[in-house]
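What the coordinates show
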Amino acid sequence: VDVWDYQRSSPLSSFEWGCERVIASRFNPAEPALIASTAVDRSVGLYDIRANTPIRKVILKMRSNAVAWNPMVPTNFTVANEDCNLYTFDMRKLTAALQRHWDHVMATLDVSYSPTGQQFVSASY
């Protein structure tokens, strides 16, 4: 994961965590120094650009296609997964998802929160 300033030709920060291809990444809207990313090795990684270091990483059973932070609960984020489910995590406890959201019949491709943080929308095939 590289963090860029659009006026520079080199990244401000670079994070590596054993995977060569990142699928999606998002800044936390309430805490702009935090980044969540998904990668092809089925991982979800958290990074802090203040400390210029990775924070935590969790490996799921299948690949995640998108990630979205809850704008009202800055420690919670949701990932859209290839197994037709969405998973909401608390970044302080990545050992298990807080909630599994299901009802898609194909892989979930995207997720986005409403500005209130009370609802989110997901997309699938």
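As a reminder, the structure under discussion sits directly above these lines.
Residues numbered from 1 in each chain as written. Predicted model: local features only at pLDDT ≥ 70, side-chain atom pairs only at ≥ 80, totals over all residues. Heavy atoms only, no water.

**Some thoughts on the pattern of salt bridges**
To be explicit about the condition: The term salt bridge refers to a pairing of a side-chain nitrogen on Lys or Arg with a carboxyl oxygen on Asp or Glu at a separation within 4 Å. Strands here mean DSSP runs of E at least two residues long; helices mean DSSP runs of H or I at least four residues long; both are numbered from the N terminus. Only protein chains enter the accessibility calculation, which uses a 1.4 Å probe; a residue is then buried when its area is under 20% of its type maximum, exposed when over 50%, and partly exposed in between.
One pass over the full model with this rule turns up five salt bridges. Where Glu31 meets Arg50, a salt bridge forms, and the shortest distance between an N and an O atom there is 3.0 Å. Note that Glu31 is positioned in the loop between β3 (22–27) and β4 (34–39) and Arg50 in the loop between β5 (43–48) and β6 (53–59), a separation of 19 residues in sequence. Here Glu31 falls in the partly exposed class, since its relative accessible area comes to 29%. Asp48 is the partner of Arg50 in a salt bridge, and the nearest nitrogen-oxygen pair spans 3.1 Å. Residues joined by salt bridges that share partners form a network here, namely Glu31, Asp48 and Arg50.

**Some points on the nonpolar core**
Short version of the rule: Residues belong to one nonpolar core when they are buried, are Ala, Val, Leu, Ile, Met, Phe, Trp, Tyr or Cys, and are joined through side-chain atoms within 4.5 Å.
Membership of the largest hydrophobic core comes to 14 residues, with the highest contact counts inside it found for Leu46, Trp69, Phe77, Val79 and Phe89. Elements represented by at least two residues in this core include exactly β4, β5, β7 (64–69), β8 (76–81) and β9 (85–90). Among the nonpolar cores identified, the runner-up in size contains six residues, and Ala66, Leu86, Val111 and Tyr113 belong to it.

**Notes on the sheet that holds β7**
What counts is decided by this rule: A pair of strands is treated as paired once DSSP finds two or more bridges between them. Fitted lines through C-alpha atoms serve as axes, helices being fitted only where they are in contact, and the angles separating the N-to-C directions of these axes extend from 0 to 180 degrees.
A sheet is described by the order of its strands in space; here four strands give the open sequence β7-β8-β9-β10, paired in antiparallel fashion. The open sheet has two edge strands, β7 and β10 (99–102), and neither has a second partner. The mean inter-strand angle of the sheet, taken between neighbouring strand axes irrespective of direction, is 20°. Examined bridge by bridge, β8 and β9 share five bridges and lie antiparallel to one another. The residue bridging Asn76 from the neighbouring strand is Asp90, located in β9.

**Examining the packing of aromatic side chains**
Here is the rule we go by: Aromatic contacts are taken between Phe, Tyr and Trp rings whose centres are within 6.5 Å, Trp giving its six-membered ring; a plane angle under 30 degrees counts as stacked, one over 60 as edge-to-face, and the others as tilted.
Using the criterion set out here, one finds three aromatic pairs in the structure. Plain terms: the ring middles of Phe77 and Phe89 are 5.7 Å apart, the flat faces sit at 25° to each other, and that makes the pair stacked. Here Phe77, found in strand β8, pairs with Phe89, found in strand β9; they are twelve residues apart in sequence, far enough to count as distant. Accessibility classification places Phe77 together with Phe89 in one group, the buried group. Among the aromatic residues, those joined into a cluster by ring pairs are Trp69, Phe77 and Phe89.

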